[in-house]
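Chains, contacts and geometry: an overview
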Amino acid sequence: MQIKKLEIKNFRSIESLSFSPKEVTAICGTNSSGKSNILRALRLAFRSDLKVEKLAENVSSWTAPNTICSIEISFDKPTRELVAALPNYFIKDQAFKYKLTFKRSGSASRYIDKVKINEDEAKEFFNSMLVIYVPAIRDIATDGLKPFRDTLLNAMKKQKGAASISGLNKSLRTQIATRGKSMLTNTKTLARDWMKVDHLDVDTNAIDIDPLLSTVGIRVKLKNEDFELSKLGTGQQSAVVLKLYRELGVGSGKPVIYLFEEPDNHLHPTSIKVVADELQDCISTKNAQVLFTTHSPYLLNHFEFDCYLPLAVSHERKTIRRLMSIKKS
């Protein structure tokens, strides 16, 4: 299941843009030409939790209040699992279109081949694929590892037994309650005589391990040293992170859409070949596509011209396709 065409209208700086992604698509252009807005549109299209304020901020500023913003994605065919899960919408080996529309008011609708789908059906559709967004490696200290953490959390939630999220929460609450109870032993008299209650207990209901996973990082062991990934050079970080997300995609067993934001950022030209090789490796498995933004001619040189999506900004500050006339010597 791969994207064959993407059409975006009235989304941020994009008034109207249509293109056919390849297995690897290099989105290139000047600053503020709308490269990141294409990745934003794809991320928004596959989000199940659409908030009113989030939708409103993505509608182009020059539009009227009731203007419709739309993101339409054409796929070559559905997966077998998708056909089995939603047989009313998908037919084996038959191309289909998915469309998200919304207004500045925040009202949103989703469609499969012009037929409106509800939230549960949308979630079923989204669960049939994996969309991995990786910000610029310079942002690794903020949300650069978020896709990894999300995948780890989902794996933990699916696990059963004592090592599952619910099992660990229960164990932690029991230990804290037991320890707290022993510390409250000497307050029995206080509770009975002053507060007129039988006894005091430690409340552990609010204890939850889930938020702790947002602090998970990656450590590197080199000979006798052990340190955080962020301590490595940017080039080494890039190689590790790209490899990590490729493995997440492969391990999912689903069609994967990789969205990389400037994977070559701050890299020396000699390190860029490693990044290019990793991007190519992402599509070595079936049903995988890569879209990445870049300013670097060094990175572009590693890909064929038909992979390029060159953008520019018009006098009205709108994103436009830039005409490309290049001959290979």
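We now turn to the structure provided with this report.

What counts, and at which threshold
Residues numbered from 1 in each chain as written. Predicted model: local features only at pLDDT ≥ 70, side-chain atom pairs only at ≥ 80, totals over all residues. Heavy atoms only, no water. Pairing = 2+ DSSP bridges. Helix = DSSP H or I, 4+ residues; strand = E, 2+ residues; numbered from the N terminus. Axes fitted to C-alpha atoms, helices over the stretch in contact; angles between N-to-C directions. Contact = heavy atoms within 4.5 Å. Buried < 20%, exposed > 50% of the residue type's maximum accessible area, 1.4 Å probe, protein only. Lys, Arg positive; Asp, Glu negative; His and termini not counted. Salt bridge = Lys/Arg side-chain N within 4 Å of Asp/Glu carboxyl O. Polar contact = N/O pair within 3.5 Å; in protein donor to acceptor, adjacent residues only side chain to side chain. Patch = residues over 30% accessible without salt bridge, like charges linked within 9 Å, V, L, I, M, F, W, Y side chains within 5 Å. Areas by Shrake-Rupley, 256 points an atom, 1.4 Å probe, with all protein chains shown as cover. Charge placed at Lys NZ, Arg CZ, Asp CG, Glu CD.

**What to know about the sheet that holds strand E3 (residues 24–29)**
Taken together, the 6 strands give an open sheet; going across it, the order is E8-E11-E12-E3-E13-E14, and neighbouring strands pair in mixed fashion. Two strands lie at the open edges of the sheet, namely strand E8 (130–134) and strand E14 (319–321), each paired on one side alone. The average undirected angle you get between the axes of adjacent strands in this sheet is 20 degrees. Bridge count for E3 against strand E12 (residues 288–294) is 5 bridges, and the pairing is parallel. Paired with Cys28 across the bridge in E12 is Thr294. Against the sheet, helix H9 (residues 269–282) touches E3, strand E11 (256–261) and E12, its axis set at about 150 degrees to E12.

**Concerning unusual backbone geometry**
The phi dihedral of Asn10 is positive, around 60 degrees, even though this residue is not glycine. Exposure remark for Asn10: the relative accessible area of 15% places this residue in the buried category. Despite not being glycine, Lys114 has its phi angle at roughly 70 degrees, a positive value. Considering the arrangement of structural elements, one finds Lys114 in the loop between strand E6 (108–112) and strand E7 (115–117). Taking the relative accessible area as the measure of exposure, Lys114 reaches 82% and is therefore exposed.

**So, the side chain of Lys35**
Along the chain, Lys35 turns up in helix H1 (residues 35–45). It turns out Lys35 is buried and unbridged, and the closest side chain with the opposite charge, Glu262, is 5.5 Å from it. Side-chain polar atoms of Lys35 contact the backbone oxygen of Gly29, separated by 3.3 Å. The residues touching Lys35, leaving out its near neighbours within four places in the chain, are Ile27, Cys28, Gly29, Thr30, Thr293, Thr294, His295 and Leu311.

**Here we look at the pattern of salt bridges**
Applying the stated rule across the entire model yields 6 salt bridges. Linking Lys318 and Glu15 is a salt bridge whose minimum nitrogen-to-oxygen distance equals 3.3 Å. One end of the pair, Lys318, is in the loop between strand E13 (308–313) and E14; the other, Glu15, is in strand E2 (residues 14–19), with 303 residues separating them in the sequence. Judged by relative accessible area, Lys318 falls into the buried class, the value being 18%. For Glu15, a relative accessible area of 37% translates into the label partly exposed. One salt bridge connects Arg47 with Asp49, and the closest N-O pair in it is separated by 3.0 Å. According to the relative accessible area criterion, Asp49 is partly exposed, its value standing at 42%.

**Observations concerning a positive patch on the surface**
The grouping of Lys77, Arg80, Lys92 and Lys286 at the surface amounts to a positive patch. Checked against the element boundaries, Lys92 lands in the loop between helix H3 (80–85) and strand E5 (96–102).

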